[in-house]
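The primary structure of each chain is shown beneath.
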Amino acid sequence: RASTDERLATATVTPATRKSVLEHNERSDHEQPVVILGRIGHGKSTFLKYLRHVEAKDVLSKKYIQLDLNFLRTPATAAEVPNFVMRQVQEQLKAYKIAFAEDPFVRRVLKQELDDFRKSPRGVLLNDKPDELAQAEVTFIESFTNEPERYMALVMKFIRRSHNKSVAVFFDNLDRRSDDIQEQAFLRAAAMA
């Protein structure tokens, strides 16, 4: 690190600021992923923590529900990454009191889909049979909730509309993990974005 710092001392380096990091997202309604690159131990996590909790706390807390996924010790293998990401997202949404699995919330998230189902041939057929229609709706809802990634994508869109906030997901300490775990995490991040 000392030799890197010496080389940087002779180069022109512009430090990142709140404005330079957030400027694009503040003037656009289309948020884009931000990737912070650097060597292990050079302050990426510290920079993000400072940005989120001190320098840009006011902006970020107003505009984003912030989720932290720390890859320092888990998951153990690349195959476990998708489940790790989904479990962490779900647990942290609960901390924000977002009841993504409760019936009223699920029905609000899937409102358009449920309306379309009720107009479908099966929904129309069961219109005069409220008990059977209710059971068919539950089966229909479960076709979404049993696919966590698909359902969470709808939850994220719903949060954006109903809470006027986006969801920012921070993948931290990936640089300390193997290439296959990093690759799988980047695929998850790209899919979420």
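Please read these numbers as outputs of a predicted model, since none were measured by experiment.

Thresholds applied
- Residues numbered from 1 in each chain as written.
- Predicted model: local features only at pLDDT ≥ 70, side-chain atom pairs only at ≥ 80, totals over all residues.
- Heavy atoms only, no water.
- Buried < 20%, exposed > 50% of the residue type's maximum accessible area, 1.4 Å probe, protein only.
- Helix = DSSP H or I, 4+ residues; strand = E, 2+ residues; numbered from the N terminus.
- Pairing = 2+ DSSP bridges.
- Axes fitted to C-alpha atoms, helices over the stretch in contact; angles between N-to-C directions.
- Left-handed = near helix turned anticlockwise from the far one by under 90°.
- Contact = heavy atoms within 4.5 Å.
- Nonpolar A, V, L, I, M, F, W, Y, C, P; charged D, E, K, R; others polar.
- Parallel < 35°, antiparallel > 145°, perpendicular 65-115°, else oblique.
- Salt bridge = Lys/Arg side-chain N within 4 Å of Asp/Glu carboxyl O.

Considerations on the pairing of strand E2 (residues 166-172)
On E2, burial follows the alternation: Ser166, Ala168, Phe170 and Asp172 on one face are buried, whereas Val167, Val169 and Phe171 on the facing-out side are not. Taken together, the 7 bridges between strand E1 (residues 64-70) and E2 define a ladder with parallel strand orientation. Bridging from a neighbouring strand, Tyr64 pairs with Ser166 of E2.

Quick notes on the packing of helix H5 (residues 81-95) against helix H10 (residues 148-163)
Between H5 and H10, whose axes approach to 11 Å, the crossing angle comes to 35°. Seen along the crossing, H5 lies across H10 with a hand that is left-handed. When H5 is examined against H10, the residues Pro82, Met86, Val89, Gln90 and Leu93 are found in contact with a partner set consisting of Pro148, Glu149, Met152, Val155, Met156 and Ile159. In terms of residue class, the contact of H5 with H10 is made up of 9 nonpolar, 1 polar and 1 charged.

Remarks on the packing of helix H9 (residues 130-145) against H10
Running from N to C, H9 and H10 point in directions that differ by 95°, and their axes come no closer than 6 Å. Classified by the angle their axes make, H9 and H10 are roughly perpendicular. Facing Ser143, Phe144 and Thr145 of H9, the residues of H10 in contact are Pro148, Arg150, Tyr151 and Leu154. Here the residues of the contact of H9 with H10 are counted per class, giving 4 nonpolar, 2 polar and 1 charged.

Let's talk about the pattern of salt bridges
Pairs can form between side chains of opposite charge once their charged atoms are near each other. Enumeration over the complete set of coordinates arrives at 10 salt bridges. For Arg52, the salt bridge is made with Asp68, and the minimal N-O distance between the two is 2.9 Å. In this pair, Arg52 sits in helix H3 (residues 44-55) while Asp68 sits in strand E1, placing the two residues 16 residues apart along the sequence. You can call Arg52 buried: its relative accessible area is 7%.

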